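Read off the chains here:
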Amino acid sequence: MRELTVTSRDAGQRLDKYLSKYLNKAPRSLIYRMLRKKNIKLNGKKAAGPELLAEQDRIQLFLAEETISGWMEPVRLTASRYPDILYEDDHVLLLNKPCGLLTQRAAPRDESLVDQLLYYLADQGQYDPGGSGYRPSVCNRLDRNTSGLVLAGKDQQGLQFLSKLLRERRLEKYYLCLVWGSFTEPLRLRGYLKKDKKGNKALPADREVPGADFVDTEFEPVTQGGRCSLVCARLITGKSHQIRSQIAAAGYPIIGDPKYGDAAVNRQFRDAYGLRCQLLHAAEAVFPECPEPFSGLSGIRMQAPMPEQFTKVLKGENIYGERSYQ
């Protein structure tokens, strides 16, 4: 029999999710069967799985050690560097993701922002890759070719708090994008997006259709150049490809965007600047008043420095504005 004690970092999550992380090779169906057969108990009593864990709770695994070991695969830290950290406290991290880096791994050989996060926390003694319990993770995702702010929870409490802010839309998020054309007036776009899984694209619609999500974005002009414009986008809702698909459908494709952009325009900027990423950057997050233990975030306007490639294009196109997120 093996007994696990829930720490403060693990408290607040469901028992079944905790077990799925600990016994990471075991199918979820197998874990539920072990719970039903009382091979796994919580505080000495039968449990179903949805129970929320509290600090000092005890999880008993009435299983042979070789069985437990066979259902566990050690986490391998494969990152080559630390993430770019903009803010850190006991519970959360705010990171600046570069263009070209995945937020989460898509294939075993990938290096992602999450891999860099785990590598950093393990190196600082704040995460045990071979231990039980909470695995630090991110709360929001950016496309590989989008740069900027990503929120991460160092423990379950931090992850749940940040996720709640996002879910309740209490965190203001602003993006900067360079679009083709003269964008001179504020624009609020409401509509629907339906995911085309085959093409991995979001298809805009002006009315509700089955399987579509409602989306709402505010776009504000920052400044214009001779042939393109710097635009600030404020997310009201947050769906995959929301900004990219909406502003392209409105006639202002983001420069460098391979899915929704203009291929001929993209070629021009690739030839002129060596551009390899779409010019979309998660520039700023504004936090509301936050309770303890997150009061350090209260009222913060966290800004992610703009990538060098982005600023290179702005300079080359003679685009300068009073509003700056750098």
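Shown above is the structure to which this text applies.
Because the structure is a prediction, the values reported are computed rather than measured.

A.B. asks: Where do I start with the overall build of the chain in this structure?
C.D. replies: Counting its regular elements, the chain contains 8 helices and 15 strands. When the backbone C-alpha atoms are referred to their principal axes, the chain occupies close to 70 × 45 × 40 Å. Per-residue burial over the chain gives 47% buried out of 326 residues. Contacts in the chain between residues at least 24 apart in sequence constitute 65% of all its contacts with a sequence separation of at least 6. When the accessible surface of the chain is totalled, it reaches about 16,100 Å², and 46% of it is carbon and sulfur. Each charge class in the chain was averaged separately, 49 positive and 39 negative side chains, and the resulting centres sit 7 Å apart.

A.B. asks: Any chance you could explain the packing of helix 1 (residues 15–22) against helix 2 (residues 28–36) here in plain terms?
C.D. replies: Describing two packed helices takes the angle between their axes plus the distance from one axis to the other. Orientation of helix 1 relative to helix 2, taken along the N-to-C sense of each, is 120°, at an axis distance of 10 Å. Overall, the two elements helix 1 and helix 2 adopt an arrangement that is oblique. By crossing handedness, the relation of helix 1 to helix 2 is classed as right-handed. Within the contact between the two elements, helix 1 uses Leu15, Asp16, Leu19 and Ser20 and helix 2 uses Arg28, Ile31, Tyr32 and Leu35.

Definitions and cut-offs
- Residues numbered from 1 in each chain as written.
- Predicted model: local features only at pLDDT ≥ 70, side-chain atom pairs only at ≥ 80, totals over all residues.
- Heavy atoms only, no water.
- Helix = DSSP H or I, 4+ residues; strand = E, 2+ residues; numbered from the N terminus.
- Buried < 20%, exposed > 50% of the residue type's maximum accessible area, 1.4 Å probe, protein only.
- Contact = heavy atoms within 4.5 Å.
- Areas by Shrake-Rupley, 256 points an atom, 1.4 Å probe, with all protein chains shown as cover.
- Lys, Arg positive; Asp, Glu negative; His and termini not counted.
- Charge placed at Lys NZ, Arg CZ, Asp CG, Glu CD.
- Axes fitted to C-alpha atoms, helices over the stretch in contact; angles between N-to-C directions.
- Parallel < 35°, antiparallel > 145°, perpendicular 65-115°, else oblique.
- Left-handed = near helix turned anticlockwise from the far one by under 90°.

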